[in-house]
Amino acid sequence: MKPIILDFDDYCTEHNILPNLEYLKTLLPNLKVNLFTIPGRTSNALLKRTVKKKWARMIPHGFKHKSNYECAYMSRHRAKIKLNKINSQFFEKGFKAPGWQISVGLMEALREKGWWVGVQWKDDRMFGHPDGPFQPGVIPGLKYYSLNEQPNYTVIHGHCQEVCGNGLEQLWQKLISLPKDIDFKFISDVI
């Protein structure tokens with residue numbers, strides 16, 4: 001079986017799944033999990049607790065994620081200001097916009113900082129899509145992780161809460177049924 005990239009969107013104080021993941025780690029000793037974390041909705045206490053888990057990595061997922069369009073219209077200048085406010089002691093140098101909706105300006109700011117971006121597809125096939133029209137192709141020179149373009153890995157993408165049919169509770173049976181010795185990867189290891 002291919003190594004697994006496991007990620008969850010919307011990690012924050014309100015959607016704290018760390019206790020469930022700690023239990024899952026007892027069942028799957030090789031567990032590594034990528035937590036797309038909302039910086040503006042996550043307490044310092046939870047950030048400090050999570051960063052101690054060497055098998056969990058937090059990646060900024062928007063800023064406050066009040067809507068899926070928070071990053072859709074953002075200028076490069078505004079993006080740089082907001083990215084500079086993210087406490088790098090807790091987070092990976094990556095970023096995934098809420099609802100995959102991102103501006104070219106934000107991608108330019110990420111490139112300048114040397115961060116990577118999480119996207120559904122590296123090209124612009126989703127640009128203008130009715131389910132989320134702000135999905136331009138990845139700009140040249142920006143490192144990226146493309147959810148749907150990982151031929152060497154099995155990707156399990158979910159949410160901390162029960163939404164989109166892929167919340168942790170909905171994925172639980174699939175996860176606990178995995179072979180105990182399955183290999184997991186951090187996103188930053190495969191970019």
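Up top you'll find the structure we're talking about.
What you see is a predicted model; the values in this text were computed from it and never measured.

Here is what the cut-offs are and how they apply
Here the residue numbers are simple positions, counted from 1 along each chain's written sequence. Note on the predicted model: pLDDT of at least 70 is required for a residue's local features to be given, and 80 or more for side-chain atom pairs to be given and counted; whole-chain, interface and lining totals, by contrast, use all residues. Heavy atoms throughout the structure, all of them, feed into the side-chain values; hydrogens and water do not. Each patch is assembled from residues with relative accessible area greater than 30% and no salt bridge, linking like charges that lie within 9 Å and nonpolar side chains (Val, Leu, Ile, Met, Phe, Trp, Tyr) that lie within 5 Å. A 1.4 Å probe and the Shrake-Rupley method give the accessible areas. Residues count as covered only by the protein chains that appear here. Between Lys or Arg on one side and Asp or Glu on the other, a salt bridge is scored when a side-chain nitrogen of the former is within 4 Å of a carboxyl oxygen of the latter. The convention is simple: Lys and Arg are positive, Asp and Glu are negative, and His and the chain ends are not counted. Charge positions are represented by NZ for Lys, CZ for Arg, CG for Asp and CD for Glu. Numbering goes from the N terminus for both helices and strands, where a helix is a DSSP run of H or I of at least four residues and a strand is a run of E of at least two. Axis definition: a line fitted to C-alpha atoms, over the contacting stretch in the case of helices. Angles run 0 to 180 degrees between N-to-C directions. Oblique is the label for every angle not falling under 35 degrees (roughly parallel), over 145 degrees (roughly antiparallel), or within 65 to 115 degrees (roughly perpendicular). The criterion used for residue contact is that any of the two residues' heavy atoms lie within 4.5 Å. Polarity classes work like this: nonpolar for Ala, Val, Leu, Ile, Met, Phe, Trp, Tyr, Cys and Pro, charged for Asp, Glu, Lys and Arg, and polar for all others, with Gly in that last group. Under the scheme applied here, a residue whose accessible area is under 20% of the maximum for its type counts as buried, over 50% as exposed, and between as partly exposed, the area being computed with a 1.4 Å probe on protein chains only. Here the arc refers to the directions that run from the helix axis out to each C-beta atom. Any cysteine sulfur atom paired with another within 2.5 Å is treated as part of a disulfide. Think of a nonpolar core as a cluster: buried Ala, Val, Leu, Ile, Met, Phe, Trp, Tyr and Cys residues, connected wherever their side-chain atoms sit within 4.5 Å. Paired strands are those between which DSSP finds at least two bridges. When the strands point away from the viewer, a crossover counts as right-handed if the route from the first strand across the helix to the second turns clockwise.

**Here we look at a positive patch on the surface**
Here is step 1: Judged by side-chain charge, K64, K66, R78 and K85 come together as a positively charged surface patch.
Here is step 2: Within the secondary structure, K66 sits in the loop between β3 (56-60) and α3 (76-84).

**Re the packing of helix α1 (residues 18-27) against helix α2 (residues 44-51)**
Here is step 1: Where α1 meets α2, the closest approach of the two axes is 12 Å, and the angle between their N-to-C directions is 10°. As far as their axial angle goes, α2 and α1 are roughly parallel. Contact residues: L18, P19 and E22 in α1; L46, R49 and T50 in α2.
Here is step 2: Class assignment of the residues belonging to the contact of α1 with α2 gives a composition of 3 nonpolar, 1 polar and 2 charged.

**Comments concerning α2**
Here is step 1: Of all the positions in α2, only L46, L47 and T50 are classed as buried. Taken around the axis of α2, the buried residues stretch over an arc of 100°, which confines them to a single face. Pointing more than 90 degrees away from the buried face of α2 are the exposed residues N44 and A45.
Here is step 2: On its buried side, α2 packs onto β1 (4-11), α1, β2 (33-37) and β3.

**Structural notes on the environment of I17**
Here is step 1: Looking at the secondary structure, you find I17 in the loop between β1 and α1.
Here is step 2: According to the relative accessible area criterion, I17 is buried, its value standing at 5%.
Here is step 3: When near neighbours in sequence (up to four residues on either side) are disregarded, I17 contacts F8, Y11, L35, C160 and L168.

**Thoughts on the state of the cysteines**
Here is step 1: Applying the stated rule across the entire model yields 0 disulfides.
Here is step 2: Cysteine C164 is unpaired, with the sulfur of C160 as its nearest cysteine sulfur at 12 Å.

**As for the nonpolar core**
Here is step 1: Core analysis: the biggest nonpolar cluster contains 46 residues, and L6, F8, L35, L83, F95, L110 and L175 have the highest contact counts within it.
Here is step 2: Setting aside residues no more than four positions away along its own chain, L110 makes contact with L83, F95, I102, W115, W116, V117 and L142.
Here is step 3: Formed by 9 residues, the second largest nonpolar core is a distinct cluster that contains W100, W116, Y145 and L147.

**Describing the pattern of salt bridges**
Here is step 1: Going through the model one piece at a time under the given rule, you end up with 9 salt bridges.
Here is step 2: When the shortest N-O distance is used, the salt bridge between K80 and E112 registers 3.1 Å. Residue K80 is located in helix α3, and its partner E112 is located in helix α4 (residues 104-113); the two are separated by 32 residues in the primary sequence.
Here is step 3: Note that D183 and K185 form a salt bridge whose closest N and O atoms lie 3.5 Å from each other.
Here is step 4: Through salt bridges with shared partners, one network takes in E22, R49 and K53.

**Overview of the pairing of strand β5 (residues 116-119)**
Here is step 1: Taking every second residue as pointing to the same face, both faces of β5 are buried, with W116 and G118 on one and V117 and V119 on the other.
Here is step 2: Relative to β5, strand β4 (residues 94-95) runs parallel, the two sharing 2 bridges. Pairing of F95 across the sheet is with V117, part of β5.
Here is step 3: Remark: the β4/α4/β5 crossover connection has right-handed handedness.
Here is step 4: Relative to strand β6 (residues 143-146), β5 runs parallel, the two sharing 4 bridges. Note on β6: the bridge partner recorded for W116 is K143.

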